[in-house]
Each structure stands twice: as C-alpha cells, then as structure tokens.
Amino acid sequence: MKPVIVRTREELAEARARVEGTLAFVPTMGALHEGHMSLMRQARRSAGTVAVSIFVNPLQFGPGEDFDRYPRTFDADVEACAGAGVDLIFAPTRDVMYPDEPQVTLKAGPMGEVVEGAARPGHFDGMLTVVLKLLNLVRPDVAIFGEKDAQQLAMIRRMVADLNVPVRVAGGPTVREPDGLALSSRNRYLSPAERGTALALSRALRAGADAAAEGPDAVLGAAGAVLDKAAAADPPLVLDYLVLVDPATFAPVTSGGPAVLAVAGRVGATHLIDNVHLQLGKEH
C-alpha cells in the first residue's frame with residue numbers, strides 16, 4: 001500500500017489527527033538510500049504509524065554549497081517509502097515551511113560552531129530550526145536520525161532536552177556499502193576515481209578504531225596516516241577535519257572512555273563525513 005502524501009500544514013494536521021497509537025517520524029531531504037530505509041524499518045518496529053518528511057532545507061546550506069544540485073528523486077522516494085511500510089509522507093514546498101522570511105530561528109550555540117559546524121558555518125542553526133519546525137508540525141512520539149551524522153544527532157538530543165520538546169530521539173546505525181563507504185545521498189556525485197579516494201575515510205576510521213586501546217594519540221596517528229596517503233592520491237582527499245570528541249558534547253577527548261572519531265573531507269566538489277564510536281584505553 002502506498003503512503004498517504006500530504007503537502008500542506010492543514011493536510012498534515014488532518015492526517016495526524018487520524019493517527020491512533022504511537023507515531024514514529026524519520027525526517028529526510030529525499031534522495032533516499034538504504035541508510036534511510038534502515039531508519040524507516042526501525043520506525044516501523046517502534047510505532048504503529050510511520051511518517052517521513054521529504055524537504056531539502058535551504059537554511060542548512062551555506063553560500064556556494066550544493067543546494068541547487070542536491071539530488072531530488074521524489075517518485076523513487078515514494079516507492080522506497082512504500083517498500084519500507086511508511087504510512088505518511090509530508091512533502092512540503094519551501095513556501096509551506098517558510099511562508100515568510102524567518103525572523104526567529106534557532107542558534108546552535110558553541111556545540112554548533114565546532115567540527116562540522118566550523119567547516120560549515122551556520123549549518124546547524126538551519127538544521128535545528130527545520131527539525132524543530134517539523135517536530136512541532138508532525139508531533140511524533142519518537143523521531144529517528146542516522147548515527148552517520150553524529151554531531152547532528154547529538155545536537156538534536158541537546159535541543160530536545162534544552163527546549164523540553166516532547167519527543168524521544170533515537171539513533172539508527174550507519175549503513176555502509178560493501179566496500180565500507182558510508183551511504184550518503186551525495187555519493188552519487190562521485191566519479192569512480194573519486195569514490196576510490198573517498199574510501200580512505202572509512203579506512204582511516206578502521207585504523208583509528210584498531211588503535212583505541214592505546215589511547216587518543218595512537219587513534220589520531222593511525223587514522224591520520226591513512227588520510228595523509230589519500231591527500232596525495234589522484235584525485236586527492238582534501239581533509240576538513242579529523243577529531244576525537246565526546247559523543248554528547250563534541251568537545252575534544254584527551255583521556256580514556258567513550259569517544260567519537262569523526263572525519264570529513266572533500267573529494268572533487270563533494271563533501272563527505274563519517275564517524276565511528278570508540279572506547280578509548282585498555283579495558284579492565
């Protein structure tokens with residue numbers, strides 16, 4: 001059965017009023033892939049009704065970024081949602097989400113100015129603003145986001161806690177291609193040669209994870225060695241950052257305990273991110 005598609009706030013409110021029991025929500029920007037599908041299946045297992053949004057949010061793209069060329073594959077996305085058992089798709093236009101130029105938006109704060117936020121200034125302000133708007137419109141019991149965007153997930157959890165948003169936030173594991181590349185809608189931009197270079201991101205994370213017992217310096221050194229080779233490849237990987245941070249705050253980690261090893265870089269014109277969760281130091 002195909003999902004019901006609604007495009008306006010009024011249609012969404014009517015559809016939401018008909019929901020009985022729990023509602024799980026997966027916000028997306030479309031161009032759906034297996035990573036999104038895994039989140040939808042997780043939603044299907046956790047609630048009686050599953051809703052998905054498809055909206056390419058202009059507020060989270062900076063000047064010169066890929067808003068205009070971001071892939072838009074709505075018909076295929078609807079088919080994918082149907083295959084995952086989605087009940088409701090909210091597919092608003094820009095005018096529906098932002099009928100007027102927004103005057104009041106969220107500020108991500110210090111946590112949004114580091115790591116990915118430093119590489120893409122203002123990105124998390126726009127992301128949090130649209131996520132809060134979507135949560136207010138859809139009013140789900142649980143919202144599910146991919147762990148590949150680890151900083152995004154951490155910031156949404158912090159927003160929900162700080163602003164008392166009545167929703168449970170859940171993460172879904174990163175889904176990878178057989179060769180290790182983390183699934184992303186932007187992967188379709190990569191030429192075969194660029195894709196070969198991009199594999200250095202996941203290889204660097206594996207090298208860092210293998211060194212986790214030896215502590216932070218060993219992790220960053222092992223991962224950095226892989227990325228240094230990729231920087232000399234043809235085409236090269238242009239590194240944006242390689243960091244070892246606290247999973248909840250994204251502050252730097254310098255001692256043992258849980259951590260996220262996060263990496264981002266550009267291959268050609270394509271910005272790619274990846275991460276892995278680690279337990280630093282020897283286990284006792």
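Residues numbered from 1 in each chain as written. Predicted model: local features only at pLDDT ≥ 70, side-chain atom pairs only at ≥ 80, totals over all residues. Heavy atoms only, no water.

**Some points on the overall build of the protein**
Working step 1: On a plain count of helices and strands, the protein comes out with nine helices and nine strands.
Working step 2: Taken against the 2.2 N^0.38 rule, which gives 19 Å for 284 residues, the C-alpha radius of gyration of the protein at 19 Å falls within 12% of a compact globule.
Working step 3: On the principal axes, the C-alpha backbone points of the protein span a range of 55 × 40 × 40 Å.
Working step 4: Relative to its 284 residues, the protein shows a buried fraction of 54%.
Working step 5: Across the protein, the fraction of contacts at a sequence separation of at least 24, relative to all contacts at a separation of at least 6, is 71%.
Working step 6: About 13200 Å² of surface is accessible on the protein, with carbon and sulfur atoms providing 53% of the total.
Working step 7: When the 28 basic and 34 acidic side-chain charges of the protein are each reduced to a single mean position, those positions are 3 Å apart. (Helix = DSSP H or I, 4+ residues; strand = E, 2+ residues; numbered from the N terminus. Rg over C-alpha atoms; globule rule 2.2 N^0.38 Å. Buried < 20%, exposed > 50% of the residue type's maximum accessible area, 1.4 Å probe, protein only. Contact = heavy atoms within 4.5 Å. Areas by Shrake-Rupley, 256 points an atom, 1.4 Å probe, with all protein chains shown as cover. Lys, Arg positive; Asp, Glu negative; His and termini not counted. Charge placed at Lys NZ, Arg CZ, Asp CG, Glu CD.)

**Observations concerning the pairing of strand 2 (residues 23-28)**
Working step 1: Burial within strand 2 is extensive, with six of its six residues counted as buried.
Working step 2: Residues of strand 2 alternate between two faces, with L23, F25 and P27 on one and A24, V26 and T28 on the opposite face, all of them buried.
Working step 3: Where strand 2 meets strand 3 (residues 49-54), six bridges bridge the pair, whose relative direction is parallel. The partner of A24 across the bridge, within strand 3, is V50.
Working step 4: Bridge count for strand 2 against strand 5 (residues 142-146) is two bridges, and the pairing is parallel. Looking at strand 5, one finds that A24 is bridged to V142. (Pairing = 2+ DSSP bridges.)

**Some remarks on the packing of aromatic side chains**
Working step 1: Scanning all chains against the criterion turns up three aromatic pairs.
Working step 2: When the centroid spacing of 6.2 Å and the interplanar angle of 45 degrees are considered together, the rings of F55 and Y98 count as tilted. One end of the pair, F55, is in the loop between strand 3 and helix 3 (74-83); the other, Y98, is in the loop between helix 4 (94-97) and helix 5 (116-119), with 43 residues separating them in the sequence.
Working step 3: By relative accessible area, Y98 is classed as buried at 7%.
Working step 4: Where F61 meets F67, the ring centres are 5.4 Å apart and the plane angle is 70 degrees; that geometry is what we call edge-to-face.
Working step 5: Aromatic rings pair up to connect F61, F67 and Y70 into one cluster.
Working step 6: The lysine or arginine in question, R7, covers the ring of F74, its NZ or CZ lying 4.8 Å from the ring centre.
Working step 7: Sitting over the ring of Y189, R69 keeps its end group 4.0 Å from the ring centre. (Phe/Tyr/Trp six-rings, centres within 6.5 Å; stacked < 30°, edge-to-face > 60°. Lys NZ or Arg CZ within 6 Å of the ring centre and 35° of its normal.)

**Points about the nonpolar core**
Working step 1: Counting 45 residues, the largest nonpolar core has V131, L135, I156 and V160 as the members making the most contacts within it.
Working step 2: Tallying contributions element by element places helix 6 (residues 123-138) first for this core, with nine residues.
Working step 3: Residues from two domains meet in this core; each of domain 1 (4-172) and domain 2 (185-276) gives at least three.
Working step 4: Once residues within four sequence positions are removed from consideration, V160 is found in contact with L135, V165, V167 and V169.
Working step 5: Counting residues in each nonpolar core, the second largest holds 25 residues, with L181, V226, L237 and L242 among its members. (Core = buried A, V, L, I, M, F, W, Y, C linked by side-chain atoms within 4.5 Å. Domains from an automatic or database assignment.)

**Examining the sheet that holds strand 2**
Working step 1: Read from one edge of the open sheet, six strands run 1-4-3-2-5-6, paired in parallel fashion. Whereas interior strands pair on both sides, the edge strands pair on one side only; in this sheet they are strand 1 (4-6) and strand 6 (168-172). Neighbour-to-neighbour, the strand axes of the sheet open up by a mean angle of 25 degrees, direction not taken into account.
Working step 2: Strand direction decides the pairing type here: strand 5 and strand 6, joined by five bridges, are parallel. In the sheet register, F145 faces strand 6, and the bridge partner there is G171.
Working step 3: Across the sheet, helix 2 (residues 34-46) is in contact with strand 2, strand 3, strand 5 and strand 6; its angle to strand 5 comes to roughly 155 degrees. (Axes fitted to C-alpha atoms, helices over the stretch in contact; angles between N-to-C directions.)

**Observations concerning the UniProt feature "binding site: (R)-pantoate" (unreviewed entry) in the protein**
Working step 1: Cross-referencing UniProt, the feature "binding site: (R)-pantoate" (unreviewed entry) maps to Q60 and Q152 in the present numbering. Considering the C-alpha atoms alone, the annotated residues occupy 93 residues of sequence yet fold into one spot, their largest mutual distance being 11.5 Å.
Working step 2: The topology assignment puts Q60 in the loop between strand 3 and helix 3.
Working step 3: Excluding its chain neighbours within four sequence positions, the residues that come into contact with Q60 are M29, E65, R120, H123, G126, M127 and V130.
Working step 4: Note on placement: Q152 falls in helix 7 (residues 150-162).
Working step 5: For Q152, a relative accessible area of 18% gives the class buried.
Working step 6: The contacts of Q152, once residues within four sequence positions are left out, are F124, M127 and F145. (UniProt positions renumbered as here; feature names shortened; annotations may be inferred.)

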